[in-house]
Every structure is written in structure tokens, then in C-alpha cells.
Amino acid sequence: MYNKVYVEITNICNMNCSFCHGHSRAPRQMSIQEFECILGKLAGQTNYIYYHLMGEPLVHPQLPNFIKMSGARGYKSIITTNGTLLSERQDEILDAGVHKVNISLHSFEEGKTEDHLEYVGRLADFAKKASELGTIVVFRLWNEGFDDGKNQLTLGFLRQNISGEWAENSRGIRIRDKIFVEFGERFEWPDGSAEIKGNRFNCYGLKDQFGVLVDGTVVPCCLDSDGAISLGNIFRQDIKEILNSKRATDIVEGFRCGKASEELCKRCGYAQRFVR
């Protein structure tokens, strides 16, 4: 069983952040019927559904229904969001039973300080409400070296607005029960035109996770923004057939031996974090 499966319910985003690779696919949103089909085919593959590869999940009008549909089948729903739409949609997703919300706090890092702090304040209010209802909230600061001092400003503002023990750990900070801060380096997205990143390769793609793009294309990981490594289509094939295909098994076996069978994987800076 996989630790998580990324289901891209939309490839449309309401922002254009500098750290995001973007994609060249036609804009599309998944229908309820398509999502129901995917849930059925993922039975026994994972317990956790993430709602993105590209795109902002909260722009999808059916997101609360998707969360309820997933819960009815025993899946736990995890949303990763830029947070800009949380204030207006928080009641919907919390009532639907979302398990966890990851918020990329660096979405406003290039804007005015007062706009950034207003944004963080709204998210602090959301986190307090969500945690009281049992939803986990993680504030992500995956921008070390690119924050221009705003991370400390952000953390100071959160301290003023969310009381707790603020205990540091290996991944970040536990603010209080169900509210966390997570730090990380700004990573480099894989790109077919980039240079090869090394001579040894490793990744959690197809070992810990795989993804389903909005048109049903199955990809090995959450960073294949354009579906360059298409393993098949979940709307037309059985998922076990896709995951046991030669292309998929070559990827898994290659990483087991410290090699990359795909050109995109050879050009992935993020995957180099897992090389030992």
C-alpha cells in the first residue's frame, strides 16, 4: 500500500508564485463522476488522498463533496493550499471532514509586508478553528534562503496570534495540538531542459506515492507537472495494470540500484535529497 496518492482535481491556480514550476497543459477541472471513478480504482492502494499536483484545490467548487466522498470510502483527505481562499471556504471543508491542511505560507513572500501579515493573520484564525474541530494544520515555510527575512517576521506574527508551547523538533515547530510549522529548503523542480543532477539517483516515487493528473494520467510522483512520465490512464485502465507496467517497474528497480530510468528523474534536484 502506498503512503499517499496525489489526485489533481484541478490544474488551475488563482496565483502565479515564483517558486512554482507551472505547467503547459490545458486548464481542466475534474468532475464528480471522474473523481468517484478514481476513488473506486484506488481501493486498497492508499489511505490518504492529496488533492493536488499542480493547481489550487480550493478553486474547485466540488472540493467539499470530494472530501465527503473520500471519507465515505475510508480515505483521509489532505489539502495543500496557498491559503488565499481558506477564509471564504473554511466552513465547507471543515464540515466535510478534511483530515489535514498544509498551507504554503511563502505565497505572499514577494508582496507588501502589510498584505503578507494580513494574510497570515487570516490563516492563524483558520488554524485555531480547524484544530479545535480536530483538523491538523501545518504552516509550511519551504523557502530557506529565499525568504529575505520574512520567515522570522511571519513566525513572530504567528506567536502573537496562536498561543501554545512552540516546541522545536527535527522538522520544525509544534505550536500546540494539531498546529505545526514545517521548514524546508526551496527545491528545484525537475525540468526536461535542465542539466543532469548527478550520477546516483533515488526517489520515493512509486515506492511511497504516485499521482493522478486531472485528465487521469498516472505519474510516478507529485513533481511531474506536465505528465512527462505517463504510466497510463486511470480512467481507461486498471490501476494495478498501470503500476505493474514495464515503465513503472523499471523506475522502481532503477532507484533500488541508484539509477534513474527516466530522463526527467535525472534532472530532478529534489530527488537528490534522498541519495545516500
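Not measured: the values here are computed from a predicted model.

Give me the overall build of the protein chain: which residues, what numbers.
Within the protein chain one finds 8 helices and 11 strands. Since a compact globule built from 276 residues should have a radius of gyration of about 19 Å, the 19 Å found for the protein chain is in line with a globular shape. Counting only C-alpha atoms, the protein chain reaches 55 × 40 × 35 Å along its principal axes. The buried share of the protein chain, reckoned over its 276 residues, is 53%. Relative to all contacts within the protein chain whose residues are 6 or more apart in sequence, the contacts with residues 24 or more apart total 69%. As displayed, the protein chain has an accessible area near 12,700 Å², and 46% of this comes from carbon and sulfur atoms. In the protein chain, 34 side chains carry a positive charge and 36 a negative one; their mean positions are 5 Å apart.

Please give an account of helix α4 (residues 113–132) that cites residues and values.
Residues lying three or four places apart along an α-helix face the same way, a consequence of the helix completing one turn every 3.6 residues. Its 20 residues give α4 an end-to-end C-alpha distance of 29 Å, which sits within 8% of 28 Å, the value for a rise of 1.5 Å per residue. Where α4 is concerned, the buried positions are H116, L117, Y119, V120, G121, L123, A124, F126, A127, A130 and S131. If you follow the buried residues of α4, they end up packed against α3 (86–96), β4 (100–104), β5 (136–144), α5 (150–161), β7 (172–176) and β8 (179–185). Backbone geometry just after α4 places G134 at a positive phi near 95°.

Lay out the sheet that holds β8 in plain terms, naming residues and giving numbers.
Ordered by their spatial adjacency, 11 strands build an open sheet running β6-β7-β8-β5-β4-β3-β2-β1-β9-β10-β11, and the pairing between neighbours is mixed. Of all the strands in the sheet, just β6 (167–168) and β11 (232–233) have a single pairing partner and so form its edges. With 2 bridges joining them, strand β9 (residues 209–212) and strand β10 (residues 217–219) adopt antiparallel strand pairing. Counterpart to V212 in the pairing with β10 is V218.

I'd like a description of the packing of α4 against α5, backed by residues and values.
For the pair α4 and α5, interaxial distance at closest approach is 10 Å and the crossing angle is 40°. Classed by the angle they form, the pair α4 and α5 counts as oblique. For α4 against α5, the interelement crossing comes out right-handed. Here α4 contributes T113, H116, L117, V120, G121, A124 and K128 to the contact with α5, which in turn contributes K150, L153, T154, F157, L158 and N161. Split by residue class, the contact of α4 with α5 holds 6 nonpolar, 5 polar and 2 charged.

For the state of the cysteines, give the residues involved together with the corresponding values.
For the structure on display, the rule yields 0 disulfides. C265 supplies the cysteine sulfur nearest to C257, a cysteine that is in no disulfide, at a spacing of 14 Å.

How would you summarise the side chain of N82 if you had to cite specific residues and measurements?
The residue N82 is located in the loop between β3 (76–81) and α3 in this model. Side chain to side chain, N82 and N14 meet in a polar contact 3.1 Å long. A polar contact of 2.7 Å, which involves the side chain of N82, links it to the side chain of T84.

Account for the environment of L86, naming residues and giving values.
Locating L86 in the fold gives a position in helix α3. Its relative accessible area of 1% is what places L86 among the buried residues. Taking the C-alpha atoms as reference, L86 lies 8.3 Å from R122; in sequence the two are 36 residues apart.

Report on the pattern of salt bridges, specifying residues and quantitative values.
By the definition in use, this model includes 17 salt bridges. E34 is the partner of R28 in a salt bridge, and the nearest nitrogen-oxygen pair spans 2.7 Å. Note that D91 is salt-bridged to K129, the shortest N-O span being 2.5 Å. Here K129 lies in helix α4 and D91 lies in helix α3, a separation of 38 residues in the sequence. Taken together, the shared-partner salt bridges in this structure form one network comprising R140, R171 and E182.

Rules used in this analysis
Residues numbered from 1 in each chain as written. Predicted model: local features only at pLDDT ≥ 70, side-chain atom pairs only at ≥ 80, totals over all residues. Heavy atoms only, no water. Helix = DSSP H or I, 4+ residues; strand = E, 2+ residues; numbered from the N terminus. Rg over C-alpha atoms; globule rule 2.2 N^0.38 Å. Buried < 20%, exposed > 50% of the residue type's maximum accessible area, 1.4 Å probe, protein only. Contact = heavy atoms within 4.5 Å. Areas by Shrake-Rupley, 256 points an atom, 1.4 Å probe, with all protein chains shown as cover. Lys, Arg positive; Asp, Glu negative; His and termini not counted. Charge placed at Lys NZ, Arg CZ, Asp CG, Glu CD. Expected span 1.5 Å × (residues − 1). Pairing = 2+ DSSP bridges. Axes fitted to C-alpha atoms, helices over the stretch in contact; angles between N-to-C directions. Parallel < 35°, antiparallel > 145°, perpendicular 65-115°, else oblique. Left-handed = near helix turned anticlockwise from the far one by under 90°. Nonpolar A, V, L, I, M, F, W, Y, C, P; charged D, E, K, R; others polar. Disulfide = S-S within 2.5 Å. Polar contact = N/O pair within 3.5 Å; in protein donor to acceptor, adjacent residues only side chain to side chain. Salt bridge = Lys/Arg side-chain N within 4 Å of Asp/Glu carboxyl O.

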